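# Breakdown of the fold
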Amino acid sequence: MKQHKIMPLAGIKVVELATVVAAPTVGRMLCSYGAEVIKVESAAGDNMRRAGDFERVVCEDDKNPLFTIPNSGKKLVSVNIKSEEGREVMMRLLEKADVFLTNVRGAALQRSGFDYETLHNRFPRLIFAHLSGFGPKGPDAANPGFDSTGFWLRSGPMADWQVPGYFPFVPTYAFGDMATSSALLSGVLMAIIGRQQTGLGTKVETSLYASGIWCNAIGVVSHQSQFGGEFDVDPIRPADPF
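In every chain, residue numbers begin from 1 and rise along the written sequence. Given that the model is predicted, a residue must reach a pLDDT of at least 70 before its local features are reported, and side-chain atom pairs must reach 80 or more before they are shown or counted; all residues, however, enter totals for whole chains, interfaces and linings. Each side-chain value is worked out from all heavy atoms of the structure, with water and hydrogens disregarded.

### Brief notes about the overall build of the protein chain
Helix and strand content of the protein chain: 11 helices and 6 strands. Its C-alpha atoms put the protein chain at 55 × 50 × 45 Å along the principal axes. Three labels apply to residues, based on accessible area from a 1.4 Å probe with only protein chains included: buried if under 20% of the type maximum, exposed if over 50%, partly exposed otherwise in between. When each of the 242 residues of the protein chain is scored for burial, the buried share is 39%. In the protein chain, the share of contacts with a sequence separation of at least 24, taken over all contacts with a separation of at least 6, comes to 70%. All accessible-area figures derive from a Shrake-Rupley calculation using a 1.4 Å probe, and residue coverage is judged against the displayed protein chains alone. Counting only carbon and sulfur atoms, one obtains 57% of the accessible surface of the protein chain, whose full area is about 14,800 Å². Both charge centroids of the protein chain, one from 24 positive and one from 25 negative side chains, sit 8 Å from each other. Numbering goes from the N terminus for both helices and strands, where a helix is a DSSP run of H or I of at least four residues and a strand is a run of E of at least two. Contacts are assigned to residue pairs that have any heavy atoms within 4.5 Å of one another. For the purpose of counting charges, residues Lys and Arg are taken to be positive, whereas Asp and Glu are taken to be negative. His and the chain ends are not included. Throughout, a charge is located at the NZ atom of Lys, the CZ atom of Arg, the CG atom of Asp or the CD atom of Glu.

### Topic: the pattern of salt bridges
Salt bridge, as applied in this entry: a Lys or Arg side-chain nitrogen positioned within 4 Å of an Asp or Glu carboxyl oxygen. Inspection of the entire model under this criterion finds 8 salt bridges. Here Lys39 and Asp46 are joined by a salt bridge, their closest N and O atoms 3.0 Å apart. The class of Lys39 is buried, set by a relative accessible area of 0%. Shared partners join several salt bridges into a network, and the residues in it are Glu16, Lys39, Asp46 and Lys74.

### Re the packing of helix H1 (residues 22-32) against helix H9 (residues 175-198)
Inter-axis angles, ranging from 0 to 180 degrees, are taken between N-to-C directions of lines fitted to C-alpha atoms, where helices are fitted over the stretch in contact. Interhelical geometry of H1 versus H9 gives an angle of 55° and a closest axis separation of 8 Å. For the element pair H1 / H9, the angle class is oblique. Here H1 runs over H9; the crossing is right-handed. Within the contact between the two elements, H1 uses Ala22, Thr25, Val26, Met29 and Leu30 and H9 uses Asp177, Met178, Ser181, Ser182, Leu184, Leu185, Val188 and Leu189. By the convention adopted, Pro, Cys, Tyr, Trp, Phe, Met, Ile, Leu, Val and Ala count as nonpolar, Lys, Arg, Asp and Glu as charged, and the other residues, Gly among them, as polar. Its residues assigned to classes, the contact of H1 with H9 shows 9 nonpolar, 3 polar and 1 charged. Roughly parallel covers angles under 35 degrees, roughly antiparallel covers those over 145, roughly perpendicular covers 65 to 115, and oblique covers all other angles. Crossing handedness: left-handed means the near helix sits turned counterclockwise from the far one by under a right angle, and right-handed means the same turn made clockwise.

### Section: the packing of aromatic side chains
Within 6.5 Å between ring centres, the rings of Phe, Tyr and Trp (the latter by its six-membered ring) count as paired, and their orientation is classed by plane angle as stacked under 30 degrees, edge-to-face over 60, tilted in between. All chains considered together, the criterion is met by 5 aromatic pairs. Here Tyr116 and Phe128 contribute two aromatic rings whose centre-to-centre distance is 5.7 Å and whose plane-to-plane angle is 75°, an arrangement assigned as edge-to-face. Here the residue Tyr116 occupies a position in helix H6 (residues 116-122), and Phe128 occupies one in strand S5 (residues 127-132), the gap between them amounting to 12 residues. As far as burial versus exposure is concerned, Tyr116 and Phe128 are alike and both buried. The structure contains a cluster of three or more aromatic residues connected by ring pairs, namely Phe100, Tyr116 and Phe128. Charge-over-ring placement is defined geometrically: NZ (Lys) or CZ (Arg) within 6 Å of the ring centre, and within 35 degrees of the ring normal. The ring of Phe67 is capped by Arg49, whose NZ or CZ atom sits 4.1 Å from the centre of that ring. One cation-aromatic arrangement involves Arg154 over Tyr209; the distance from NZ or CZ to the ring centre is 5.0 Å.

### Let's talk about unusual backbone geometry
Even without being a glycine, Val20 presents a positive backbone phi close to 65°. In this fold, Val20 is placed in the loop between strand S1 (13-17) and H1.

### Concerning the nonpolar core
Counting residues in hydrophobic clusters, the biggest one holds 26 residues, and the most contacted among them are Val14, Leu30 and Val188. Those elements that place two or more of their residues in this core are H1, strand S4 (99-102), S5, helix H7 (147-153) and H9. Throughout this description, the term nonpolar core refers to a set of buried Ala, Val, Leu, Ile, Met, Phe, Trp, Tyr and Cys residues connected via side-chain atoms within 4.5 Å. Ranked by size, the runner-up nonpolar core spans 17 residues in total, among them Val79, Ala97, Phe100 and Tyr116.

### Focus: the sheet that holds S1
Here we have 6 strands laid out as an open sheet, ordered S3-S2-S1-S4-S5-S6, and parallel in their pairing. For this open sheet the edge positions go to strand S3 (75-78) and strand S6 (203-207), each flanked by a neighbour on one side alone. Sheet twist, expressed as the average angle between the axes of neighbouring strands with direction ignored, equals 20°. Lying over the sheet, H1 contacts S1, strand S2 (36-41), S4 and S5, oriented at roughly 150° with respect to S2. Across the face of the sheet, helix H10 (residues 208-215) comes into contact with S5 and S6 while running at roughly 65° to S6. We call two strands paired when DSSP finds no fewer than two bridges between them.

In structure tokens:
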């Protein structure tokens, strides 16, 4: 007798307004655990639809592995949220959603009426999950962020993990995005559990910069000037802590 599988996130509905890798990968993982994920794209589509051209990987409408990695299993729809009609469509989608997942910058969300305060007042049970390049506060809060800049360069590993005088290594495309997606996924799952206790949604957020510091935390601390600031690095010999 065939058994019916009940996935842990069955019945959870997610509306995703996000592009490229980090935030969309959160949607993909939620989808993999049973959530219904609706990905809202512009008419031009997510830039990951064209990433294969840059990475020299097959990039066709029906064969596009780099787009599939962060988007497998989702329902895809194109909505022009800059139009009044498009914003009304988004609101109807959000009315039935449990999670709103986005990496659109804060100012743009506010202009469109999709910022946390507006949505929380209208849909108090909605969980608002936001990813940014450099976090919600500080001089770079409004700046766009990318894997290579927000995760790798600003948190130090491209320099810390090399011998002084060497060229910085080049990480593979979207490595930091994938690491960051796991942190935001954890926040979304905690918010779902928390809503069972309170009945209310909340805002969860992280950034590529915060994730980069977290993943390189030991390097960030040990390279502080009060601890010497510099370490000999041998790229072919592992460190001996004893």
